Amino acid sequence: MNNIPKHSAATDGSALTHDFLQELSKEQLVNLLEIYAKNWLALDGFWFLSLEEKLGMDKAMEHDVAAWRQFTVTEANRLKEFLGLSERPGLEGLAQALHLRLYGRVNKHSCEICGNKLIFRNIECRVQTARARKGMEFHPCKEVAMHEYSSFGTAIDDRITCRCLSCYPDCTEDATGCAWEYTLHED
């Protein structure tokens, strides 16, 4: 069974204090990271569906915007610190951070830098493909995503702005994905 180390309780019934992650292989840690990312996204989805069911789509979206506006800055700042990025790492730093987002483990995506612009695409969004598979309407995520992607870019480098190229319900590309253009404005 994947050679995951087995651990038991102490003889007095209390839990043993131990850093179980230290005993996992690199492959096991990568697999665990993917499980964590899927679990996080499932929790986000269950939370949203509960709000949508109780309060309706408009109110659920209002709460979703508020939550993502805060979460995405926290995520960006932690990734910026983890990567050892400077205060203003430009588009290269943004690309590194975008690849390491929790979404990066669950969505197929790409980054392309050309001059002072970075195009980020979620090629296959797990949320939208799941809704399509279940026969549900696509999630109208553009409003939330606009705050999310803009805040993330600005938290990485305050000279970066973001605009939507394609996101449901305003798709110019496949509705199961989205596209964003980040622009670096030099001082």
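So, here is what we can say about the structure in this document. These figures come from a predicted structure and were not determined experimentally. (Residues numbered from 1 in each chain as written. Predicted model: local features only at pLDDT ≥ 70, side-chain atom pairs only at ≥ 80, totals over all residues. Heavy atoms only, no water.)

Details of unusual backbone geometry
1) Next: Residues Tyr 168 and Pro 169 are joined by a peptide bond in cis, for which omega reads 15 degrees.
2) Next: Position of Pro 169 relative to the elements: it lies in the loop between β3 (160-166) and β4 (178-184). (Helix = DSSP H or I, 4+ residues; strand = E, 2+ residues; numbered from the N terminus.)

Some details on the side chain of Asp 64
1) Next: Among the secondary structure elements, Asp 64 is positioned in helix α2 (residues 57-83).
2) Next: Although Asp 64 is buried, it makes no salt bridge; Arg 131 carries the closest opposite charge, 9.1 Å away.
3) Next: Not counting chain neighbours up to four residues away, the residues in contact with Asp 64 comprise Asp 44, Trp 47, Phe 48, His 139 and Val 144. (Buried < 20%, exposed > 50% of the residue type's maximum accessible area, 1.4 Å probe, protein only. Lys, Arg positive; Asp, Glu negative; His and termini not counted. Salt bridge = Lys/Arg side-chain N within 4 Å of Asp/Glu carboxyl O. Contact = heavy atoms within 4.5 Å.)

Observations regarding the packing of aromatic side chains
1) Next: For the structure shown, the criterion picks out eight aromatic pairs.
2) Next: Pairing Phe 120 with Tyr 149 gives two aromatic rings, centres 5.8 Å apart and planes at 40 degrees, and the pair type is tilted. Linking Phe 120 in strand β2 (residues 117-124) with Tyr 149 in helix α6 (residues 142-156), this pair joins segments that are 29 residues apart in sequence.
3) Next: Assessed through its relative accessible area of 3%, Tyr 149 is described here as buried.
4) Next: Here a set of aromatic residues connected by ring pairs shows up, and it is made of Trp 40, Trp 68, Phe 71 and Tyr 103.
5) Next: Taking NZ or CZ as reference, Arg 101 lies 5.6 Å from the ring centre of Tyr 149, over its face.
6) Next: Just above the ring of Phe 152 sits the side chain of Arg 101; from NZ or CZ to the centre is 4.7 Å. (Phe/Tyr/Trp six-rings, centres within 6.5 Å; stacked < 30°, edge-to-face > 60°. Lys NZ or Arg CZ within 6 Å of the ring centre and 35° of its normal.)

The analysis is restricted to geometry; functional conclusions fall outside its scope.
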